[in-house]
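Each chain is listed here by its residues.
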Amino acid sequence: MISPSSSPDSTVKDPGHPLVELSHVEKHFGSLHVLKDINLSVNKGEVLVVVGPSGSGKSTMCRTVNRLEGIDSGVIRIDGKELPQEGKELAMLRAEVGMVFQSFNLFANKTILENVTLAPMRVRHMSKADAEDLAMDMLSRVGVDSQASKMPSQLSGGQQQRVAIARALAMKPKVMLFDEPTSALDPEMVNEVLDVMVGLAKEGMTMICVTHEMGFARKAADRIVFMADGRILESGTPEEFFDHAQTKRAKDFLSKILTR
Ligand SMILES: Nc1ncnc2c1ncn2[C@@H]1O[C@H](COP(=O)(O)OP(=O)(O)OP(=O)(O)O)[C@@H](O)[C@H]1O
Ligand SMILES: [Mg+2]
């Protein structure tokens, strides 16, 4: 397992088609070296789960994939195209990457339906009627279509997070990034969001998920990447990672997280 970037990986779904590629990515925040020689390739249809201790760089790595954070050096490609620094091209590439964060980031002053139609109308130039049809499809896919006319504050956390997923899906992204999408939820709402994610994985969506939900990781991941101190220390199947972790850091991490 280890050496995430070298040997061909037997778990890949479509090894000929990397959708997201990070190559020798380096990133500092001032004097803090947060991403150290990150090499990662996520294939079409692959579900990658990223785990690791707090501060290891998981969120930063996710955010570099759609350039919410710039990088110091290295290359990031989405579907073979290098991420541009700025401008219209960046906006187009960004639209291909859906992102769902830990905290609900719906627009508080817009209805659920408006939250989902906004980007398809603005970025994809869809008509309002088409965007609304699409939005209702996406909302029903995540089971919250009956809430379409409500405001975000009228929904539970789990429902809001499902709307955030629907909103991302409405842009027909090539890849979905999830950064701890369930960690701000009350425990009884975690599963309804994880179930939507498992469904997406089964449908073949390419996904990068940062999560502490180890049940989900075992069930849905094709591959687990373990980060510590800004580096990828291990990369392997769930079975390899959970049952045969190689590094002391990963073993320590697992012993803490699995006994909680
Ligand atoms: N905008 C920023 N400016 C300065 N330092 C930052 C910034 N964002 C993150 N950091 C630092 O970079 C390091 C990596 O942070 P990051 O949020 O990527 O970690 P993480 O693995 O996602 O952690 P957690 O599990 O707590 O979410 C941390 O030391 C963090 O304090
Ligand atoms: Mg984080």
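What you see is a predicted model, and the numbers here were worked out from it, not measured in a lab.

In this structure, Leu-139, Ile-165, Met-176, Phe-178, Met-197, Met-207 and Phe-216 are the most contacted members of the largest nonpolar core, which totals 53 residues. The dominant element in this core, judged by the number of residues it contributes, is helix H6 (residues 187–202), at 9 residues. Residues within four places of Ile-165 in sequence aside, it is in contact with Val-100, Val-142, Met-176, Phe-178, Val-193, Val-196, Met-197 and Leu-200. Leu-19, Ile-38, Met-61 and Met-99 belong to the second largest nonpolar core, which has 28 residues in total.

In this section: the UniProt feature "domain: ABC transporter" (unreviewed entry) in the protein chain. The residues that UniProt annotates with the feature "domain: ABC transporter" (unreviewed entry) are residues 20–254. For the annotated span residues 20–254, helix accounts for 39% and strand for 26% of the residues, and the straight-line distance between the end C-alpha atoms is 27 Å.

Within a regular beta strand, the side chains point alternately toward one face of the sheet and then the other, so they alternate between its two faces. Taking burial as the measure, the 5 residues of strand S3 (residues 47–51) include 5 buried ones, the bulk of the element. Both faces of S3 are covered, namely the face carrying Val-47, Val-49 and Val-51 and the face carrying Leu-48 and Val-50. With 4 bridges connecting them, S3 and strand S8 (residues 206–210) associate as parallel partners. What sits directly across from Val-47, in S8, is Met-207. Looking at chain direction, S3 and strand S9 (residues 223–228) are connected through 4 bridges and run parallel. For Val-49, the partnering residue across the bridge sits in S9 and is Ile-224.

The next point concerns the sheet that holds S8. With respect to topology, 6 strands assemble into an open sheet ordered S6-S7-S8-S3-S9-S10, the strand pairing being mixed. Edge positions in the sheet fall to strand S6 (97–100) and strand S10 (231–236), since each of these pairs with one other strand and no more. Ignoring strand direction, the axes of neighbouring strands in this sheet form an average angle of 20 degrees. Docked against the sheet, H6 engages S3, strand S7 (175–179) and S8, running at close to 145 degrees with respect to S8.

In this structure the tally under the stated criterion is 0 disulfides. Just so you know, Cys-209 is unpaired, no disulfide at all, and the nearest cysteine sulfur is the one on Cys-62, 8.5 Å from it. Exposure remark for Cys-209: the relative accessible area of 0% places this residue in the buried category.

Quick notes on the rules
- Sequence order sets the numbering: in each chain, residues are counted from 1 along the sequence as written.
- Working convention: letters from A go to chains and numbers from 1 go to ligands, in the order in which they are written.
- Confidence filtering applies because this is a predicted model: local features only for residues at pLDDT of at least 70, side-chain atom pairs given and counted only at 80 or more, and all residues used for totals across whole chains, interfaces and linings.
- Computation of side-chain values covers all heavy atoms of the structure but excludes hydrogens and water.
- Among buried residues, those of type Ala, Val, Leu, Ile, Met, Phe, Trp, Tyr and Cys that are joined through side-chain atoms within 4.5 Å constitute a nonpolar core.
- Here the term buried applies to any residue with accessible area under 20% of the maximum for its type, exposed to any over 50%, and partly exposed to those in between, with areas from a 1.4 Å probe on protein chains only.
- Here a helix means four or more residues in a row that DSSP labels H or I, a strand means two or more in a row labelled E, and each is numbered from the N terminus.
- Only heavy atoms enter the contact rule, under which two residues are in contact if any of them lie within 4.5 Å.
- UniProt positions are given in the numbering used here, feature names are shortened, and annotations may be inferred rather than shown by experiment.
- Pairs of strands are assigned from DSSP output, requiring at least two bridges between the strands.
- Working convention: axes come from line fits to C-alpha atoms, limited for helices to the stretch in contact. Angles between N-to-C directions cover 0 to 180 degrees.
- In plain terms, two cysteine sulfur atoms within 2.5 Å form what is called a disulfide here.

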